[in-house]
Amino acid sequence: MNFSRFLLIFLAFLSASVIGGWIAFELLRQDLPGQSSVQIIRENSTPVYNYDSLAPKSITIPEGLDFIFAAERVTPTVVHIRTYQEDLYRRNNRLGNLFDRWMGREGEEGYRPPTGSGSGVIISSDGFIVTNYHVVESSDEIEVILDDKREFPAKIIGTDPTTDLALIKIQSENLPFVKYGNSDNVRIGEWVLAVGNPFDLTSTVTAGIVSAKGRNINILRNNLAIESFIQTDAAVNPGNSGGALVNLKGELIGVNTAIATRTGSFAGYSFAVPVSLVQKVTEDLLEYGEVQRALLGVIIRDVDASLAETKGIDVIKGVYIEEVSANSAALDAGLQKGDIIIAIEGAAVNSPAELQEQVAKFRPGDEIAVDYSRNNSNFSVAVKLKNTAGNTALVRRENNEIINIDDLGISIQKLDAGERLAYNLDYGLKVLRLFEGLILDQTNMEESFIITEINGEEISTPEDLNSVLESSTSRLIIEGQYPSGRQKRFQVRR
């Protein structure tokens, strides 16, 4: 290619570029049909927006997704609970808290940091509040903070470790209280709200759906624990324990109790005691001071495909009876090993947890309808429930005072009937509090330890303990267990 030819091509390209640029400029400068002009805003000018034209004329919330009513109805009924244990702060840190010393609060009269916290739900206008047993366990002082910021001391009316529930009371009137719903009618996929005080943040509301019912996660480590939790994905964190799980009508359907987590914080699922159990337990505690536990008297398991094939079961549903206990309600009614219980009082049961939940609604002496299958034929029978002693008697709380043993540095109390049942013990003294003394100085015993023997002698009453102390002058071998069932043995020299 010679130079003149190259120059012609270059000039042609340059001319095309100039013409194209001019055309584009003219198109941008002029108004085009159906479009608004391009407005150039200077750096120091302020554009004016018509916000009213951007906002929708009305907001419509789809049916079933309006959480506002339930949140406003329930939030005033949920309280914050703080618990205190004498000397626990100094026992856990005997040198004292350096920050408190720096702030000048160490040794200040009346100063004592809380040792635990949680939530509770007001269930009556005169101040009865339901919460978790583990929130108030071993506390010697309880403080309740209402949604309107008022503070009240509270006392324990009664507890039930087998369901992790407790009933406490404050002195006040005309309080807002939650209304009971029906946990049996709760459906998987239904929207629910969790209301509580996570991380000491008051009046926190989270939403989720019911993920499962009748869930057993094996957290209540005692012989007759009832775990038939409502599982949800509403966010629940430390401090939510004892708070409300409600439906969109603002009705209580459960008391939040636990979360599935490896970190201590919410990881996707939370669990609540169904309100059917909450209502039964609180009524028992109010009327008798003890929970009236009714038993069917059977050892049961799930019906699964493997069992169905082995036993020739046509339909995979219900709960299989592996054993019928002697002198039990089930034996009296004619139930047998190999029978499959399919319903209690018309409510279908497809897991041991669901069966336990349904039976736990009743008291010893109540008669219930049990539907069952035998050899692939269905039957129904009336069963009169019994208590753990094999009769239909109801129990009342014993006079159970707290006694200090100054030499050892402990406050003790006899196990009540519910605790003996929960911990599968016939006797024992519970350590409510530790203070300066031989046990605190020489062992790592923790509060809630249950003393069952000292130097080989059974300890059922404070008198038993004092008798052993009077006869032993040199060494004490203290044996027992924690509520979890963990066995421990301590040695104290006097």
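Residues numbered from 1 in each chain as written. Predicted model: local features only at pLDDT ≥ 70, side-chain atom pairs only at ≥ 80, totals over all residues. Heavy atoms only, no water.

Attention now moves to the overall build of the chain. Helix and strand counts for the chain stand at 13 helices and 26 strands. Burial analysis of the chain (494 residues in total) assigns 45% to the buried set. Long-range pairs, those at least 24 residues apart, make up 62% of the contacts in the chain with a sequence separation of at least 6. Surface accessibility of the chain: about 26,500 Å² in total, with carbon and sulfur atoms responsible for 50%. (Helix = DSSP H or I, 4+ residues; strand = E, 2+ residues; numbered from the N terminus. Buried < 20%, exposed > 50% of the residue type's maximum accessible area, 1.4 Å probe, protein only. Contact = heavy atoms within 4.5 Å. Areas by Shrake-Rupley, 256 points an atom, 1.4 Å probe, with all protein chains shown as cover.)

In this section: the confidence of the model for the chain. For residues with low pLDDT, the predicted coordinates do not support detailed interpretation. The predicted model of the chain averages 83 in pLDDT, with 79% of residues at 70 or higher. Long-range and interchain partners of residues 31-49, a stretch whose pLDDT sits below 50, account for two contacts in this model, where long-range means more than four residues apart. Here residues 98-109 scores under 50 on pLDDT; set against residues more than four positions off or in separate chains, the count is 14 contacts. (pLDDT = per-residue confidence, 0-100.)

This next bit is on the packing of aromatic side chains. Enumeration according to the criterion identifies five aromatic pairs in this entry. Ring geometry for F67 against W191: centres 5.2 Å apart, planes inclined by 50 degrees, an arrangement best described as tilted. Of the two residues, F67 sits in the loop between α2 (51-54) and α3 (68-74) while W191 sits in strand β8 (residues 191-196), which places them 124 residues apart along the sequence. For F67, a relative accessible area of 24% translates into the label partly exposed. Ring geometry for F449 against Y482: centres 5.1 Å apart, planes inclined by 65 degrees, an arrangement best described as edge-to-face. With F449 in the loop between α12 (438-442) and β23 (450-454) and Y482 in the loop between β25 (475-481) and β26 (487-493), this residue pair connects regions lying 33 residues apart in the sequence. Each of the two residues, F449 as well as Y482, counts as buried. Grouped by ring-pair contacts, the aromatic residues F449, Y482 and F490 constitute a single cluster. (Phe/Tyr/Trp six-rings, centres within 6.5 Å; stacked < 30°, edge-to-face > 60°.)

This part is about the side chain of K169. Tracing the backbone shows K169 in strand β6 (residues 165-170). Buried within the structure, K169 lacks any salt-bridge partner; its nearest side chain of opposite charge belongs to D126, at an N-O separation of 5.1 Å. Side-chain polar atoms of K169 contact the backbone oxygen of D126, separated by 2.7 Å. Ignoring sequence-local partners within four residues, the contact set of K169 consists of D126, G127, F128, P153, A154, K155 and I157. (Lys, Arg positive; Asp, Glu negative; His and termini not counted. Salt bridge = Lys/Arg side-chain N within 4 Å of Asp/Glu carboxyl O. Polar contact = N/O pair within 3.5 Å; in protein donor to acceptor, adjacent residues only side chain to side chain.)

The next thing to look at is the sheet that holds β6. Spatially, six strands are ordered β1-β2-β3-β6-β5-β4 in a closed barrel, and the strand pairing comes out antiparallel. Across this sheet, the average inter-strand angle for adjacent strands is 40 degrees, counted without regard to direction. Where strand β1 (residues 78-84) meets strand β4 (residues 141-145), five bridges bridge the pair, whose relative direction is antiparallel. Across the sheet, I81 pairs through a bridge with V144, a residue of β4. Together, β3 (128-131), β5 (151-160) and β6 form the strand contacts of helix α7 (residues 275-288), whose direction differs from that of β6 by roughly 55 degrees. (Pairing = 2+ DSSP bridges. Axes fitted to C-alpha atoms, helices over the stretch in contact; angles between N-to-C directions.)

This next bit is on the nonpolar core. Grouped together as the largest cluster of nonpolar side chains are 29 residues, with contacts concentrated most on V130, L165, A244, L252 and V278. Put simply, the parts of the chain that give this core at least two residues each are α3, β3, β6, β8, β11 (244-246), β12 (251-260), β13 (269-274) and α7. Of the residues forming this core, the biggest block, five residues, is contributed by α7. Excluding its chain neighbours within four sequence positions, the residues that come into contact with L252 are V121, V178, K179, Y180, G181, A244, L245, V246 and V275. (Core = buried A, V, L, I, M, F, W, Y, C linked by side-chain atoms within 4.5 Å.)

With six bridges joining them, β8 and strand β9 (residues 204-215) adopt antiparallel strand pairing. By the bridge assignment for β9, W191 is matched with I209. Looking at chain direction, β9 and strand β10 (residues 229-232) are connected through three bridges and run antiparallel. From the neighbouring strand, R215 faces β10, where its bridge partner is F229.

This brings us to helix α13 (residues 462-471). Looking at α13, one finds that the buried residues are P462, L465, V468 and L469. Along the long axis of α13, the arc covered by the buried residues comes to 125 degrees, so they all point the same way. Facing away from the buried side of α13 by more than 90 degrees, the exposed set consists of E463, E470 and S471. Of the surrounding elements, those touching the buried residues of α13 are β20 (403-405), β21 (410-414), β22 (429-434), β23, β24 (457-458) and β25. (Arc of directions from axis to C-beta.)

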